[in-house]
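Observations on chain architecture
These are the residues of each chain, in order.
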Amino acid sequence: MVPSTFFLPHTPFRRATIAAAFLSIAFVRGVAPSDRAAAPKVPAAPKLVVLLVVDQMRGDYVDKFLGQWTAGLKRLVEEGAWFRDAAYPYAATETCVGHATISTGAFPATHGMVANAWWDRQDKNMVTCTEDPHPGVKNIGYAGATAKGADTAWRMAVPSFAEELKFQTSGGTRIVTFSLKARAAITMAGHRATAATWFDGGAWVTSSAYGTQPFVEEQAKSHPAKADFGKTWSLALPAGAYWYGEKSLGAVPPAGWDLLFPHLLGGKTGAGGADDTFYGQWASSPYADTALTELAEKAVDALDLGKTSGTDFLAVSYSSVDYVGHEFGPRSREIQDILVRLDQDLGKLFRHLDRKVGRGNYVVALSADHGAGPIPEDMQTTGADAGVLHLPEVQERIEKALEPFSYQKPAVAQTRGSDVYFAPGVYDKLRQDPVAFNSVRDAVLAQPGVAAVYRAEELRDCSARESPAQRAMAYSYFPGRSGDLFILPKPYWLMDGTPLGTRRSYGTGHGEPYNYNQHVPVLLMGFGIQPGQYFQPITPADIAPTFAALCGITLASRDGHVLGEALKKPSASRPSPKPTLPAAPSP
């Protein structure tokens, strides 16, 4: 009679039971297990998946600054797979959108996180991508801090890779994420996590949807951000090693700083301790990156990440590069220096993972949520057509264009980035009124810096035959959340929503479908990864499917694909040793 264990479902336990039965038979018939070739001791899946996102890291930074890196970033390039032609195909190159894309393997038209914030037509107000209105959900501050608001991933329409990993395996997966921004920590984690932590109002914060962790509480008390008050951010390299001048043209530094190094973390002039100005300075300094690295190391130690039978997930989004980039621009000593210092932090993190998890037992992916355009005033020095597209002026032009047609006032409910949201009923009426609509479109196209105008239905029904810019806008379109009318700025024109008559509070930005915003690094290293440089075009949405392939799971919905060219052959990374069957007995 065949043993009943042979009818178990096709699981690792069943395979192990069958192998054990064969080994028992072999022993009885005189074939000792030691007489057969030993199976290679390589895990079937990584013990830990590590996702690193450097907020606003342009793809060309790797080429520019690699020679000055000596630790973690250099190791990723030299020991990992470097995809040199990685870019987002969509227009909405923003933080929430990019992190959700990396996390889920889907584009915004699928995962629904179309911007950092959008106009809620039902409630008639702006909502952030992680804002949660459900009763009972609230943010929780560590170390006795009072937290504001309530944030979760409830608006994200598909699960994250980490969620799928936990659900499809034994359930023992720990999901741990850190960032200075809620929209980064939350979208990397998904709807549930062991710990999702961000920084707000001078304190580390989480949500009741995720719960608190003792190790974060201890770190928040023993190493608070305010302990860095009075420190100075100085150049890490000799002055001659920097590509750019001492002052970045068109830069808008944070309050309390000027354009020259060193930058003192001293808050408002005369402040005796940490204040809001100090915390803004701290977030724009390398000290914030170091704090995130220390939290990641504490998580590895406190939760024994990578030490259980399953696969754990750790993600860190380094936000300071984004703050520095907005303030000082991509052609600044500040950007160059903060990446040198991040390189050192990542080197420290990788050494910690080598000791605690084991070199080769974890896989790392590093990418960015978006890039950045040059500061317009700086770009103008090259003779290029560059400038600032003032969105409040666009809104005024639309209102004026509709005056002869007796539309309600105001006709525009909100303008946010490239999206124009009309008041209820206005766009439906415009669709039936081609003369009025053409007046609106002509008025917008007359605004300096505008390249094109698209209607919602043009993006909804976009085909592959349309222009790359229109397809990029279509990849960002999600019904119900996206606008009614969409403005495409010209290259090197910064979209600016600062109220008329007010000086803008930042040097540059992102969010347009141009390569300086879309091109980002993608670097993979560790378990199952074949080192080398790869030149085929890919997107950051390919990271999650590649993680899924290494871990043996599938994703609910995906727009990315597995980066199989950078994966080692199964025999090298995921062995499946077959038991040797005993010879048939002689008749």
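In what follows, the structure referred to is the one given above.
Residues numbered from 1 in each chain as written. Predicted model: local features only at pLDDT ≥ 70, side-chain atom pairs only at ≥ 80, totals over all residues. Heavy atoms only, no water.

**Side note on the overall build of the protein chain**
- From N to C terminus, the protein chain includes 21 helices and 20 strands.
- Sorting the 587 residues of the protein chain into buried and exposed places 55% on the buried side.
- Of the contacts made within the protein chain by residues no fewer than 6 positions apart, 74% connect residues no fewer than 24 positions apart.
- Carbon and sulfur atoms form 54% of the exposed surface of the protein chain, whose accessible area is close to 24400 Å². (Helix = DSSP H or I, 4+ residues; strand = E, 2+ residues; numbered from the N terminus. Buried < 20%, exposed > 50% of the residue type's maximum accessible area, 1.4 Å probe, protein only. Contact = heavy atoms within 4.5 Å. Areas by Shrake-Rupley, 256 points an atom, 1.4 Å probe, with all protein chains shown as cover.)

**Some words on the pattern of salt bridges**
- Applying the stated criterion to the full structure yields 23 salt bridges.
- We note a salt bridge from R416 to E94, for which the minimum N-O separation is 2.5 Å. Of this pair, R416 sits in strand 14 (residues 412-416) while E94 sits in the loop between strand 2 (81-83) and helix 4 (95-104), placing them 322 residues apart in sequence.
- The exposure class assigned to R416 is partly exposed, which follows from its relative accessible area of 21%.
- Between D312 and R174 there is a salt bridge, with its nearest N and O atoms 2.8 Å apart. With D312 in strand 11 (residues 312-318) and R174 in the loop between helix 6 (161-168) and strand 6 (175-179), this residue pair connects regions lying 138 residues apart in the sequence.
- Among the residues examined, R174 registers a relative accessible area of 16% and is labelled buried. (Salt bridge = Lys/Arg side-chain N within 4 Å of Asp/Glu carboxyl O.)

**A closer look at the environment of A145**
- For A145, the location among the structural elements is in the loop between strand 5 (139-141) and helix 6.
- Residue classification places A145 among the partly exposed residues on the basis of a relative accessible area of 26%.
- Spatially, the C-alpha atoms of A145 and D200 are 9.9 Å apart, while their sequence positions differ by 55 residues.

**Focus on the state of the cysteines**
- Tallied over the entire structure, the rule returns 1 disulfide.
- Two residues, C96 and C129, share a disulfide whose sulfurs are 2.2 Å apart. Handedness here is read from the sign of the S-S torsion; for C96 and C129, about 115 degrees, the answer is right-handed. Residue C96 is found in helix 4, and its partner C129 is found in the loop between strand 4 (125-128) and strand 5; the two are separated by 33 residues along the sequence. Accessibility classification places C96 together with C129 in one group, the buried group. (Disulfide = S-S within 2.5 Å.)

**Some words on empty space enclosed by the protein**
- Counting across every chain of the model gives 3 cavities of 30 Å³ or more.
- Considering only enclosed or pocket space, the largest cavity measures out at about 70 Å³ in volume.
- Considering the residues around the largest cavity, the lining is formed by G373, P374, Y492, W493, L494, T508, G509, H510, E512 and Y516.
- Tallied by class, residues from the lining of the largest cavity come to 5 nonpolar, 4 polar and 1 charged.
- The computed volume of the second largest cavity comes to approximately 50 Å³.
- Together, L51, I102, S103, F161, A162, M188, F313, I543, A544 and F547 line the second largest cavity.
- Contributing elements (two or more residues each) for the lining of the second largest cavity: helix 4, helix 6 and helix 20 (543-551).
- For the lining of the second largest cavity, the element with the most residues is helix 20, which contributes 3 residues.
- For the lining of the second largest cavity, the residue count by class is 9 nonpolar, 1 polar and no charged. (1 Å grid on protein atoms, 1.4 Å probe; cavity = no way out; pocket = protein on both sides within 12 Å on 5 of 7 lines; lining within 4 Å. Points joined across faces, edges and corners; volume = space filled by probe spheres on them. Nonpolar A, V, L, I, M, F, W, Y, C, P; charged D, E, K, R; others polar.)

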